[in-house]
Structure formats: structure tokens, C-alpha cells
Amino acid sequence: MNDRNYWQRLNTKRLRRRALLRAAGRAGVGVAGLALVGCGDDDDNDELVVVQSEAQQAAAPRPRVRQPDGPTSQQQQQQAEQQADQVERQQQAAADQQNALEQDPQSAQPQQEQVAVTQVVRGGDLRLSTPAHAHDYFDPHRAVFGTTQYWMGFYMNNTIRWRNKAQAVMEADICSLPETPDEETYLFRVDQGARFWDRFPTEGGRAVTSEDIRLNFQRHIDGRDATGAEDGTFPHRDSYAKTASMDTPDDLTFIARTDGPDATWLGVPLGPFGWITSPEAIAAFGDRWRDDPTNIELSSGTGMTIPRSYDPDIGIELERNPGFWKLGVDGLPLPYFEQVTFASMQDPTAIETAYRGREISIGGFPLTSIQVESISSDFPDHPTGSVPFGYPIITGWFNFNRDWPGWDGLGNPYLDRRFCQAMHVAVDRYLMIDTVYLGSAKPTGQEDTPWYNSYWAIPEDELLTVPGFRPDRETDIEEARALLDASGYDIERPVKLIAPEFWEVTYPGVLETERAMYTEALGIEVQFQMEPFPVILQRLIDGSYPGSGPQWSNAPIELDPTTAYHNRFIPGGSWNYFHYDYEPMAEIVQLMRTTVDQETRRGLAHEAQRIALGTHPDHGLDGISPTPGVMNGIAPAVWWPFVHRGEDSLQFAHDSHRHDDTWLDVIHPDYPT
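For the protein chain, the helix and strand inventory stands at 23 helices and 21 strands. Sorting the 673 residues of the protein chain into buried and exposed places 60% on the buried side. Long-range pairs, those at least 24 residues apart, make up 70% of the contacts in the protein chain with a sequence separation of at least 6. Surface accessibility of the protein chain: about 26,000 Å² in total, with carbon and sulfur atoms responsible for 48%.

Now the structure itself:
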């Protein structure tokens, strides 16, 4: 990465993309300095960036070096000594800079930039809010909920990882970026110094080896519990099963091979499900990871923090890992902060109140743009930013399982795709956008290709002609009623759906809005049963899920949807919870996997989306998806001036690992004591 200021570089390089800025404007962003870039130009890669205004840059305080206080404990003594060393280094750097400046003003400029970069302050508590109840497993290979994955980003590491997923920028993590001697081989070097925590079951800590990585891959591939029985709670089994063979010729070399070229394989180690845990933990914790999901002490990793406690009503506490193996710009182990505290909050008003009272230092989802604008008007020096909300809201989840007898034993109505399409078209997307995001959102065709992914998604102009996406509610209602009538569904038979408890808690009254929407469009009664996420996940796994109305779905793993389509649309796929089985779609997805040329793969992705939306002229409704999309909102964020965020900590999903660049100015007058 260029040392030049990130925001300045983006201002000069990206803001020329007028069409994409217009798209953000149509979404109702309204936050100063925001540029959402989802590029589809032939000469560019996919990218999504967040730009702060120049006024915000100017308002941000310059980094300062904290003067160490007298030691009150061994830890404080160590920190004081480190900071004293840091001050000494910076003083020497300043003297060198002055000498260079006297001799040659130009030669001193690089040194001046380096001094500014290294003037970070260590210490402090990074405080955020989180919907702590929205959690599945602390098992690094079973966890699929976005909240859980976000927490894990602070305390786990991948083989390699995204630096900026939207810009397709990768970086080393436990391993350096792979060598590819041929189209079927990926050679990783375990050469970054990664070590497991000095905590049970790896007391004393130890270096990560290539065999550790192989065993983590193998656990995904096997997809079995501790007794050896098949276990459907490993959702990324199919992604890892694309690995045909693995070798570990020595402790520092891991080699993975595929059967033939695979355009999707590199997404396997990059995904938010690729955390590397210790084999000792796999043996010691076994199925307790699955059966005791609230016990965060069942964790073993290599990350910059170590989890200490979890209570769904209180939150999560993480402490700095003193033995972390990555170094900051000051030459000392990361992270710069001492701990991370996630306070359990889900009500937007409570989050705003906590932010204003400095109980949390970063305010984000589910804050609305209106709330952030109100905070900004009262605290104009507080930086803000926005990204598309990574978790789309979908029209519903439809169960295509032929063995499911329906919610009342009268048969599975989803087997008639006209019923599915009627329920899909009956959803008023624009009402949901206004209800949930107060207008700051856009319609999305499919959850794997949201609107900001303009290269891979079908064109917006085409999407707005699709039934259900048209801004013509009367036409949609007419079509939905005709489809329901053609399906033969008895309108006196209530439709019984599941809704997450957290959905109604976050947006009180949203289920009543949905009920009224279905009644208006179809004249049928819809009943919602609210359940916690673990119950929902289990119903998905056992094939008895009765369907749902609009609610959240998972964020796209990467902008290229090839891997997601493979796991979602192939019979038996690890994400194919709804028993989708349409052979023409499977053929397209298999072809996408083996097609290396991106332009060709993009064309196949567009064809797959038209099948999934029921608009392909050769397939009609036969291949429609059980999870058609609704929208993605704009997720605003605001943070106190004492928070200095890493350059890539604002992305559309799975970005918490990038907080290893974040530091807190603990001597700032606003920092809470």
C-alpha cells in the first residue's frame, strides 16, 4: 500500500466515477464525503470504498505520544517503558529530520511522513455495541452468523485474508500469499511467525505449523462431529471439499491441489469461515463447541486479542494478547489497544444514547442515517462514514423439501413455484425500505450479488422491470393474486412463517407491517412464530423450516458469486438448506467454477441470476431461487475523535480483522476515564 494518506488517495483516484456516485445519491445516503464505488467499468476491478470529507480530515487530531504515568502494576510498568522507548525513538527521528531539513529540504520529506505514521498511542478500551443475542457457535468452523464472525475477527487469524475485499486486495495472515506453480496447485509458506495463545489447551503457546492448517482444512472437509457422525452444522464443507489433496512436506509448507483449474478455490482460505484453531482444541472441546454455544472460553486461536467472557445480556470482553506475533509501526506487538468491549445492545435509540454518553466509542448498525446526522450536528468534529449494509433483507425463505409436509400437514405449498412467486412478488420492497432503513437502501436482485456489486449483478435498469422489483405496486399485486390463484392455494389456509426474535426487537412493529402487506396483496392470513437464531438454524439443517417473510440473510463472502452459487444451488450443497434442485442451474454453476476467464464467468452469473429470479425466457419459474433478494441498506457509522481507525476498517462485511491498525488516543480530552 502507498504510504500516502489513504483518504486523499481515494479522493483523487475514485471520485471521478460519477455514475457510481449518482447511484449512492439515489440510495439516499446524504452523509458528507461518502463515495460508494461498485465498479463495472471494463478496465477496473470490483471495488467499494469509503471516503471522508476533507473537512473531517482537517478536524481529526494529529497523533500524539502519551507521556507515561508512574507504574501502578507490572503491566503499567511495561507499558510505560515501551512508551518511553517510543518517545526516545521519535525524538531521535525528529532530530534526524531537522538535520536533513537543514541540508536538503526535499530529502527530509519521507522521514517526516514516517514520523507521523509512528506517532501512535498505546492503551485503552475499544468499545462497540453488538447484538450479542444474535449468535450461533464459538466454533471457528461452524460459526455462520455475521455477529459471531465479526467478534472472531478480533481474536482469530486466517491462512491468508482480505485487506480490502471489495477492491480484491489480499494480504498475508498466518501464511504469506500463495505461490501457484500451475493452475491446480497452491503453495503456502507458514512464515509469518504465527503462534497459538498461551492458554489452555496450548499453554505456553507454540508456533503454528503446516500440519495445523491441514487439520483445519480436513475438519471442514469431513463435516463430522466428535463421534464421527455427519454434522450439518459445518456450512462450508463444500468449499473445502474442492481441495483434492493436501501435502505438508515440512512444518512451514502447506500445499493444496484441485482437480483441474478452479476459479473459486482461492476464496476458501480467504473466507470469514477459515479461522485456524489448534488441533489441541479440536480434540479437547469436541462437540462442546456445538452443544455449549455460549461458552466463549472454548476458544483457541492466534489472534491479537483473547476472549474472556460472553453473556448475551451483557456482551463480550476481549483482552490484548501479549504474545501476538504481528508488530505495529512502532515495532511492538499489535494491537495498540489493551482490550475490546462489545456491549450488548440492539435498539438504535439505546445505541445512540450510549454513544453520546461515551459508553461506546464507535456507533454503527443499527443506527440510522438520521441518527448519525443528528449526532454529527451536535458533534461536528466526530468523523463519519458509510458502507452498504452487508446483510441483505430477502423477500422470504422458501422450503423446497419434498419430504416436508407443510406447516399444518396439508402438504408443502412451495413445491408449486407459482405459490413461491406469489409470496415473493407480494412483498412491497419500497415499503420495507422505508420501514427498516428510512429510505436509505436500494433493491437487490440476489443476496450474493447486491446492488453495490455492479460488475456481477444484472443491470439495475433490468432489475427494475422484474416482477416484485417494479416501482408499480398495483401491477405487482395483480400478478401476485393471479399466481396464487393459479397455484390452487386455499386462501382460507393460514400461512405460518418463522421470524427471528431479533428482527422484531430491532424494528418494533415490522412483523405487523409484513402481515398487512401480505393481506393487502393476497388476501391471506400470515402468522409469525418468533424464534431465536439457534432454533432457526436447526430447522434449516433438518429440512423442516416453514419459510419466512422479509428478514436478514448472510453477507456475500466475496463479490464474485461463483463459490456461493456452487454451495447454494448444487443438490447437497453445504448452503443448500432449502433443497434447491434444478439441473440447468447446476450445469451453469459447475461451468462457472471451471471457467477462469472472468468476463465469461460474469455472463454465466447473469444467466444464473435470471433463472433464480424467474425471468429467464428459457426457464420461466422452474428454476427460481428459494431466497430472492429485497434490498441492502446503507450502514452509517460515527466515531469519537480519539478513535483512529485503520484504513480498511469500513467495508461491507467481515472487516473486524482490519482493526489491527486502529489505535486510541487515550490522552485525548474526550477519552472516557
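With that settled, consider the side chain of Asp 139. Along the chain, Asp 139 turns up in the loop between strand S1 (125-130) and helix H6 (146-152). Asp 139 has contacts with Met 152, Arg 219 and Trp 289, leaving out every residue within four places of it along the chain.

Tracing the backbone through its elements, the reader meets Asp 670 in the segment after strand S21 (663-664). The class for Asp 670 is partly exposed, based on a relative accessible area of 22%. A sequence separation of 28 residues divides Asp 670 from Phe 642, and the C-alpha atoms of the two residues are 6.9 Å apart. Once residues lying within four places of it in the same chain are set aside, the contact partners of Asp 670 are Arg 358, Asp 381, Trp 640, Pro 641 and Phe 642.

Attention shifts here to the confidence of the model for the protein chain. Considering every residue of the protein chain, the mean pLDDT works out to 82; 82% of them sit at 70 or more. In this model residues 1-117 is a low-confidence stretch, pLDDT under 50, and it forms 179 contacts with partners more than four residues away in sequence or in other chains.

Where helix H21 (residues 562-569) meets helix H22 (residues 583-594), the axes come as close as 9 Å, and the angle between the chain directions of the two elements is 145 degrees. Handedness of the H21/H22 crossing: left-handed. Facing Thr 562, Tyr 565, His 566 and Phe 569 of H21, the residues of H22 in contact are Met 585, Val 589, Gln 590, Met 592 and Arg 593. Broken down by class, the residue content of the contact of H21 with H22 amounts to 5 nonpolar, 3 polar and 1 charged.

The next point concerns the sheet that holds strand S10 (residues 315-320). Strand order in the open sheet made by the 4 strands is S1-S11-S10-S9, with mixed pairing throughout. Pairing within the sheet leaves two strands with one partner each, and these edge strands are S1 and strand S9 (305-311). For this sheet, the mean inter-axis angle between neighbouring strands, taken without regard to orientation, is 15 degrees. Sheet analysis places S10 next to strand S11 (residues 339-344), joined by 5 bridges and oriented antiparallel. Residue pairing in the sheet places Leu 318 in a bridge with Val 340 of S11.

With that settled, consider unusual backbone geometry. In the segment running from Phe 200 into Pro 201, the intervening peptide bond is cis, with an omega of 5 degrees. Assignment of secondary structure puts Pro 201 in the loop between strand S5 (195-196) and strand S6 (206-207). With an omega dihedral of 0 degrees, the bond running from Leu 334 to Pro 335 counts as a cis peptide bond. Relative to the helices and strands, Pro 335 resides in the loop between S10 and S11. We note that Ala 168 has phi near 60 degrees; this positive angle belongs to a residue other than glycine. The residue Ala 168 is located in the loop between strand S2 (160-164) and strand S3 (169-172) in this model. What makes Ala 168 partly exposed here is its relative accessible area of 45%.

Moving on: the packing of aromatic side chains. For the structure on display, the rule yields 44 aromatic pairs. Here the aromatic rings of Phe 145 and Phe 533 are separated by 4.8 Å at their centres, their planes lie at 75 degrees, and the arrangement is edge-to-face. Of this pair, Phe 145 sits in the loop between S1 and H6 while Phe 533 is found in helix H20 (residues 533-542), placing the two residues 388 residues apart along the sequence. We classify Phe 145 as buried; its relative accessible area is 12%.

A word on the environment of Phe 138. Locating Phe 138 in the fold gives a position in the loop between S1 and H6. Residues Phe 138 and Gln 149, spaced 11 residues apart in sequence, show a C-alpha to C-alpha distance of 8.9 Å. When sequence neighbours within four positions are dropped, the list of residues in contact with Phe 138 reads Trp 151, Met 152, Tyr 155, Trp 289, Pro 293, Thr 294, Asn 295, Ile 296, Leu 298 and Tyr 310.

Rules used in this analysis
- One numbering rule holds for all chains: residues counted from 1, following each sequence as written.
- Reporting of local features is limited, given that this is a predicted model, to residues whose pLDDT is at least 70; pairs of side-chain atoms are given and counted only at 80 or more, and all residues count toward the totals for whole chains, interfaces and linings.
- For the side-chain quantities, the full set of heavy atoms in the structure was used; hydrogens and water were omitted.
- Starting at the N terminus, helices and strands are each numbered in turn, a helix being any DSSP run of H or I of at least four residues and a strand any DSSP run of E of at least two.
- Relative accessibility under 20% of the residue-type maximum defines a buried residue, over 50% an exposed one, and the middle range a partly exposed one, all with a 1.4 Å probe and only protein chains included.
- The contact criterion used throughout is that any non-hydrogen atoms of two residues lie within 4.5 Å.
- To measure how exposed things are, a 1.4 Å probe is used in the Shrake-Rupley method; for residues, cover is taken only from the protein chains shown.
- Values of pLDDT, which run from 0 to 100, indicate the predictor's confidence residue by residue.
- Between N-to-C directions, angles span 0 to 180 degrees; the directions come from axes that are lines fitted to C-alpha atoms, helices contributing only their stretch in contact.
- Each crossing gets its hand from how the near helix is turned against the far one by less than a right angle, where anticlockwise is left-handed and clockwise is right-handed.
- Note that Gly is not counted as nonpolar here; it falls among the polar residues with everything else outside the nonpolar set of Ala, Val, Leu, Ile, Met, Phe, Trp, Tyr, Cys and Pro and the charged set of Asp, Glu, Lys and Arg.
- Any two strands with at least two DSSP bridges between them are considered paired.
- When two rings of Phe, Tyr or Trp (its six-membered ring) have centres within 6.5 Å they constitute a pair, described as stacked for plane angles under 30 degrees, edge-to-face for angles over 60, and tilted for the intermediate range.

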